[in-house]
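# Per-entry structural report
The lines below spell out each chain.
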Amino acid sequence: MNTENNNAMLIKARGLKKHYRRGIETIKALDGVDLEIRPGEMVSILGPSGSGKTTLINLLSCLDAPDGGELEVGGRQVAGLSEEELVGVRQGVLGYVFQKFHLLPTLTVAENVELPLMFLQRPVDREKTLAVLRLVDLENRAGHLPRELSGGQMQRVAIARALIADTKVLIADEPTGNLDKANGEAVFALFRRLVAEKNLAIVVTTHNLALGALADRIITLEDGRIIEEKINPRV
Ligand SMILES: Nc1ncnc2c1ncn2[C@@H]1O[C@H](COP(=O)(O)OP(=O)(O)O)[C@@H](O)[C@H]1O
Ligand SMILES: [Mg+2]
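Residues numbered from 1 in each chain as written. Chains lettered and ligands numbered in written order. Predicted model: local features only at pLDDT ≥ 70, side-chain atom pairs only at ≥ 80, totals over all residues. Heavy atoms only, no water.

### Brief notes about the site of ligand 1
By nearness alone, every residue bordering ligand 1 is listed as Tyr20, Arg22, Ile27, Ala29, Pro48, Ser49, Gly50, Ser51, Gly52, Lys53, Thr54 and Thr55. Backbone polar atom of glycine 52 to an oxygen atom of ligand 1: 3.1 Å apart, as the coordinates give it. Measuring from an oxygen atom of ligand 1, one finds a side-chain N or O atom of threonine 55 at 2.5 Å. Burial of ligand 1 by the protein amounts to 65% of the accessible area it has alone, namely 560 Å². Contributions of two or more residues to the shell around ligand 1 are made by strand S1 (11–22), strand S2 (25–37) and helix H2 (53–60). (Near = heavy atom within 4 Å. Polar contact = N/O pair within 3.5 Å; in protein donor to acceptor, adjacent residues only side chain to side chain. Areas by Shrake-Rupley, 256 points an atom, 1.4 Å probe, with all protein chains shown as cover. Helix = DSSP H or I, 4+ residues; strand = E, 2+ residues; numbered from the N terminus.)

### Some thoughts on the sheet that holds S2
In any sheet, the strands associate via hydrogen bonds between backbone groups, in a parallel or an antiparallel arrangement. The four strands lie next to each other as S2-S1-S4-S5, forming an open sheet whose pairing is antiparallel. Both outer strands of the open sheet, S2 and strand S5 (76–77), are each paired with one neighbouring strand and no more. In this structure, strand S4 (residues 68–73) lies alongside S5, joined through two bridges in antiparallel fashion. Looking at the pairing, glutamate 72 lines up with glutamine 77 of S5. Its contacts with the sheet place H2 against S1, S2 and S4, and it is angled at close to 125 degrees to S1. (Pairing = 2+ DSSP bridges. Contact = heavy atoms within 4.5 Å. Axes fitted to C-alpha atoms, helices over the stretch in contact; angles between N-to-C directions.)

### Observations concerning the pairing of S1
The two faces of the sheet receive side chains in turn, since in a regular strand these alternate between them. The pairing of S1 with S2 spans ten bridges and is classified as antiparallel. Considered in S2, the bridge of tyrosine 20 is made with isoleucine 27. The antiparallel pairing of S1 with S2 creates a hairpin that spans two residues between the two strands, and glycine 23 there sits at a positive phi of about 65 degrees. One ladder, built from five bridges, connects S1 with S4; its direction is antiparallel. What sits directly across from lysine 17, in S4, is glycine 68.

By themselves these figures say nothing about function.
And the structure:
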């Protein structure tokens, strides 16, 4: 086994900055953040509302461009790349999970999961779709419509959708924000399982300290800076 490759850094950020102008005021939404993400680790990002969690997640996902610092995703420098090139960087590396699921209501569960493949113009393999749905315990719901599912199930479909294109890093912004306690815990238990079984990397923001504490590394943001980083010993 080529361990060197398996441990290759998936995301490497140095001095990441994002500033917003509001009138004459400049808001330092992110003010020099260093972060490294490796395969097989789950990193949670905590911090009060407005501390820069979403800004950081959007930069790491290449959905937004930094105003300063360096960012490498899947071994490629992100700075200065065009929209089209960024799509290429995201492909096969990043999967994104939203707070509000964003499933298409007229498509079945399986079709929702397969959507990224359509965008990437890759062949759809229903067996593979079912295998990914099995990972999130929803194989028996493949033919259902989203409205026939609970919120927790919808979020697990969204997670399956984020995994379908051979994703290496799952990035989730407040994925349990719209879920009750039990469903939120189920999502984090699923994350732990994906990290262990698939060697996936997961970066997840949350307001919930108890859920955040389930990660391997717990990073706390305040005013756009990392003020604390805790490492959970592996047992
Ligand atoms: N598009 C934007 N324009 C102006 N200010 C923004 C924008 N997005 C976020 N901000 C500001 O940046 C700071 C960090 O926001 P955000 O990353 O959404 O924090 P969090 O996700 O931790 O609540 C906040 O002060 C917010 O008001
Ligand atoms: Mg946010």
